[in-house]
Amino acid sequence: IMAKDPQPGHVKTRLIPAVGAKGACRLYRAMLEDVIGAMKMGPWKTTIAFTPESAQASIEKLGGASIDVVPQKGKDLTERMIHIFDTLLATGEPVVMRNSDSPQLPALRISEAFACLLDSDTDIVFGPDLGGGYYLVGMKKPQPEIFGIAMSTASNLEDTLEKCQALGLGVAVLDSHQDIDTPDDLKTFSARKADMVHACPSTMSVLEDLGYE
């Protein structure tokens, strides 16, 4: 799980105009709680890769005793992702990296990602988000070349898939999922409350407190 320490003004900054810095922080903490809860349901070993490095005690408290934590290292997201994959793939097992702002993502999707990586023809697996990026990426060995692409753009996944093709990598693509980045995302989530309340109860509770009913 790629995660940030929930601190006002440092997480979900695009939501601040709609819910304020404290509201955005509350919401991100709730999303992270739901994500951690879902990941604990699987047979895999779960690790939270966190930033900043000074937040270890805070993240350990959020994760609980059964989840490992490791600091993200690097000057930008690209370097941090490469470092985490290099670190965790050193165990010899495949690694699936997921975001912390798609709280409704079911554990089944993680299982599907690992199943894809068991296929000898699949080198890398992606889970597309609705903004042109991806909520999940998994691989069996380090592929640092795929991260040399501008992140957080509408064509990020498309450009990354083209890079994978150029490198001759076998790729699997999962179903799309929405993350929570913008005020419009909040409205979409709240409109689907009946579907979301069981998948991400902490997130939906905070959304209701923030006036998204």
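The model shown is predicted, which means the values in this text are computed figures rather than measured ones. Numbers given to residues run from 1 along each chain, matching the order in which its sequence is written. With pLDDT at 70 or above as the cut-off, local features in this predicted model cover only qualifying residues; side-chain atom pairs require 80 or more to be listed or tallied, and sums for whole chains, interfaces and linings still use all residues. Computation of side-chain values covers all heavy atoms of the structure but excludes hydrogens and water.

## With respect to the pattern of salt bridges
Two side chains carrying opposite charge are able to pair once their charged atoms lie near each other. Criterion for a salt bridge: a side-chain nitrogen of Lys or Arg within 4 Å of a carboxyl oxygen of Asp or Glu. Evaluation of the coordinates by the stated rule reveals eight salt bridges. Its salt-bridge partner being Glu208, residue Lys193 comes within 2.8 Å of it at the nearest N-O pair. Placement of the pair is Lys193 in helix α7 (residues 193–196) and Glu208 in helix α8 (residues 201–209), with a sequence separation of 15 residues. Burial classification: accessible surface area is computed with a 1.4 Å probe over protein chains only, and a residue below 20% of its type maximum counts as buried, one above 50% as exposed, and the rest as partly exposed. For Lys193, a relative accessible area of 30% puts it in the partly exposed group. On the basis of relative accessible area, Glu208 is assigned to the partly exposed category, the value being 34%. Counting from the N terminus, the helices are DSSP H or I runs at least four residues long and the strands are E runs at least two residues long.

## A look at the packing of aromatic side chains
The aromatic pairing rule takes the rings of Phe, Tyr and Trp, using the six-membered ring of Trp, and pairs them if the centres are within 6.5 Å, calling planes under 30 degrees apart stacked, those over 60 edge-to-face and the rest tilted. What the rule picks out here adds up to three aromatic pairs. Arranged with centres 6.0 Å apart and planes meeting at 25 degrees, the rings of Trp44 and Phe114 form a pair that is stacked. Residue Trp44 is located in the loop between α1 (16–39) and β2 (47–51), and its partner Phe114 is located in helix α4 (residues 107–118); the two are separated by 70 residues in the primary sequence. Geometrically, the ring pair formed by Phe126 and Tyr134 is edge-to-face, given 5.1 Å between the ring centres and 65 degrees between the ring planes. Neither Phe126 nor Tyr134 differs from the other in exposure class; each is buried.

## Re the sheet that holds strand β6 (residues 134–139)
Ordered by their spatial adjacency, four strands build an open sheet running β4-β6-β5-β7, and the pairing between neighbours is mixed. Looking at which strands have only one partner, the edges of the open sheet turn out to be β4 (95–98) and β7 (171–173). With direction set aside, neighbouring strand axes in the sheet form an average angle of 15 degrees. What makes two strands pair is DSSP finding at least two bridges between them. In the sheet, strand β5 (residues 124–128) pairs with β7 via three bridges, with the strands oriented parallel. Opposite Val125, over in β7, you have Ala172 as the bridge partner. Here, two residues are considered to be in contact whenever any of their heavy atoms come within 4.5 Å of each other. Lines fitted to the C-alpha atoms define the axes, with helices restricted to the stretch that makes contact. Angles between their N-to-C directions range from 0 to 180 degrees. Of the strands in this sheet, β5, β6 and β7 are in contact with helix α5 (residues 156–167), which crosses β5 at around 165 degrees.

## Observations concerning helix α6 (residues 183–191)
By the burial criterion, the buried members of α6 are Asp185, Leu186, Phe189 and Ser190. Down the axis, α6 shows its buried residues gathered within 130 degrees of arc, on one side only. In α6, those exposed residues whose orientation departs by more than 90 degrees from the buried face are Asp184, Lys187 and Ala191. In this structure, the buried side of α6 is in contact with α1, α7 and α8. In this description, one arc is meant: the one made by directions from the helix axis to the C-beta atoms.

## A look at the packing of α1 against α8
Where α1 contacts α8, the two axes come as close as 7 Å, and the packing angle between them is 160 degrees. Looking at the two axes, α1 sits roughly antiparallel to α8. Taking contact as the criterion, the partners of Arg26, Leu27, Ala30, Met31, Glu33 and Asp34 in α1 are, on α8, Pro201, Ser202, Thr203, Val206, Leu207 and Asp209. Just so you know the grouping, Ala, Val, Leu, Ile, Met, Phe, Trp, Tyr, Cys and Pro go in nonpolar, Asp, Glu, Lys and Arg go in charged, and all remaining residues, Gly too, go in polar. Residues that form the contact of α1 with α8 fall into these classes: six nonpolar, two polar and four charged. Note that the term roughly parallel is reserved for angles under 35 degrees, roughly antiparallel for angles over 145, roughly perpendicular for angles of 65 to 115, and oblique for everything else.

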